[in-house]
Every structure is written in C-alpha cells, then in structure tokens.
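Survey of secondary and tertiary structure
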2 protein chains.
Amino acid sequence: MPSYLARIYVTPKPGVVDPQGLSILGGLRSLGYHSVSAVRAGRYLEVQLGEASSQEAAESRTTEMCRQLLANPVIEDYRFEVVEGD
Amino acid sequence: MPSYLARIYVTPKPGVVDPQGLSILGGLRSLGYHSVSAVRAGRYLEVQLGEASSQEAAESRTTEMCRQLLANPVIEDYRFEVVEGD
C-alpha cells in the first residue's frame, strides 16, 4: 500500500480575535512596514500518515484527526492536502 | 497600485528537534492513529502586504519580513507565495 503525507493548515476563523497575529502586526509596523494592514497567524502541520488503502482513505483519516485533535472547531478552520509519498 | 497577500509557511529545519510536533504525534497515537510515523509543526501566516508597485516588490518585501521577524533562520525554514488581492 502507498504511504501518504498530509499538509494541514489551521487558521483562526474570521471574526475570532487572533492575539498572535496582532502581535506580529505590531512587530512588523515597528520595523517600518507601515503598509501591512493585517496578519492572521495559524499553524502548519506535516503529518506522515503511513500506509493507506487509497487517497480517499488517507483524506478521510486526516479529516478525523483534524476534528479530534489538530484543530479547535469552535475557533479554527482547517484545510489540507494529502499527497502520496513519505 | 495593486494590493498583495502573502501566505507564509515556517517549518523547523530538518534535524532540529520539534517538541510541538512530537507532542502532536503522541496525541495522535494515543487516539489510535498508530500508522502515523512523524509530525512536523510549523506556523502559517497570512500577511496583508498593502500596496506594492509589482509582484516582485511584494515578494522582496516578504523575504525581508521573514528574515527580520517572521522566521528564526537558525532553526527554521520559510517559504511563501504572494498573490494579488486583499
């Protein structure tokens, strides 16, 4: 069976306060980047899923993982891509 | 002038210990995902760059920001894509 890698992007939902993003925005402005108007800070995860019977099975497993552990559905959105390979 | 958005991915360099990734790996395994072999945890940032004279100018500004504030070059790699739009 082929192995799969999931690249997962977790971001704060629109409207949710994002203190880390605000802090980075302040840092950029204090460095002189005055044209920057907003920063949203999220997480990027690479998960080596191991073997799966198909692309669909690997994607379905990734969705489960996001729901159970990797993202907080109350305040975060997630999206991912699953590719074959280690 | 058009406005640009940068999507920035910051990841631990290969070989650098990644405690957050290890912690997530442990969590996934304890939930029964025994086939997962590795997790790398990084950051995902969306930066509204504001106006720039060209795509190249926006990309050059993003590289500067990454070097100055957004990534720690000793232990992290970064990559980004810059797209037109708010």
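The text that follows walks through the structure, step by step, so that each part is easy to find. Predicted model, so just to flag it, every value in this text is computed and none were measured. (Residues numbered from 1 in each chain as written. Chains lettered and ligands numbered in written order. Predicted model: local features only at pLDDT ≥ 70, side-chain atom pairs only at ≥ 80, totals over all residues. Heavy atoms only, no water.)

Topic: the pattern of salt bridges
Per the counting criterion, the structure on display carries six salt bridges over all chains. Here Lys13(A) and Asp77(A) are joined by a salt bridge, their closest N and O atoms 3.1 Å apart. With a gap of 64 residues between them, Lys13(A) in the loop between strand E1 (3-12) and helix H1 (19-30) and Asp77(A) in strand E3 (residues 76-84) connect regions that are remote in the sequence. Take Asp77(A): its relative accessible area is 29%, and that puts it in the partly exposed class. Between Arg43(B) and Glu76(B) there is a salt bridge, with its nearest N and O atoms 2.9 Å apart. (Salt bridge = Lys/Arg side-chain N within 4 Å of Asp/Glu carboxyl O. Helix = DSSP H or I, 4+ residues; strand = E, 2+ residues; numbered from the N terminus. Buried < 20%, exposed > 50% of the residue type's maximum accessible area, 1.4 Å probe, protein only.)

Focus on the relation of the copies chain B and chain A
Turning chain B through 180° and shifting it by 0.0 Å along the axis lays it on chain A, with an RMSD of 0.0 Å. In symmetry terms, the pair is related by a two-fold rotation axis. Judged by C-alpha distance, Arg43(B) is the residue of chain B that lies nearest the rotation axis, at 2.2 Å. A shared binding surface is used by both copies, with 100% of the interface residues of chain B retained as interface residues in chain A. (Least-squares fit on C-alpha atoms with pLDDT ≥ 70 in both. Contact = heavy atoms within 4.5 Å.)

A look at the interface of chain B and chain A
Contacts between chain B and chain A engage 32 residues on the former and 32 residues on the latter. Of all residues in chain B, Tyr33(B), Tyr44(B) and Leu69(B) bury the most surface against chain A, accounting for 22% of the area lost on that side. Along the contact surface separating chain B from chain A lie zero salt bridges. Applying the counting rule to chain B against chain A returns 18 residue pairs in polar contact (both at pLDDT 80 or more). Of all the secondary structure elements, the ones that give two or more residues to the side of chain B that touches chain A are strand E1 (3-12), helix H1 (19-30), strand E2 (38-51) and helix H2 (55-70) of chain B. When residues of the side of chain B that touches chain A are assigned to their parent elements, the largest contribution, 14 residues, is made by E2(B). Of the residues that constitute the side of chain B that touches chain A, the class distribution is 16 nonpolar, nine polar and seven charged. Here eleven bridges tie strand E2 (residues 38-51) of chain A to E2(B), and the two strands are oriented antiparallel to one another. Within E2(B), the position partnered with Leu45(A) by the bridge is Ala41(B). (Buried area = accessible area lost by both parts, 1.4 Å probe. Polar contact = N/O pair within 3.5 Å; in protein donor to acceptor, adjacent residues only side chain to side chain. Nonpolar A, V, L, I, M, F, W, Y, C, P; charged D, E, K, R; others polar. Pairing = 2+ DSSP bridges.)

A word on the environment of Phe80(B)
Within the element layout of this structure, Phe80(B) appears in strand E3 (residues 76-84). Measuring from C-alpha to C-alpha, the distance between Phe80(B) and Glu51(B) comes to 18 Å, with 29 residues separating the pair along the chain.

A few points about the sheet that holds E2(B)
One open sheet accounts for six strands, arranged E3(A)-E1(A)-E2(A)-E2(B)-E1(B)-E3(B); its pairing is antiparallel. Each having just a single partner strand, E3 of chain A together with E3 of chain B make up the two edges of the open sheet. Each adjacent strand pair in this sheet contributes to an overall mean axis angle of 20°, direction not counted. Sheet topology places E1(A) next to E2(A); eight bridges connect them, and they run antiparallel. (Axes fitted to C-alpha atoms, helices over the stretch in contact; angles between N-to-C directions.)

Purely geometric numbers; function is a separate question.
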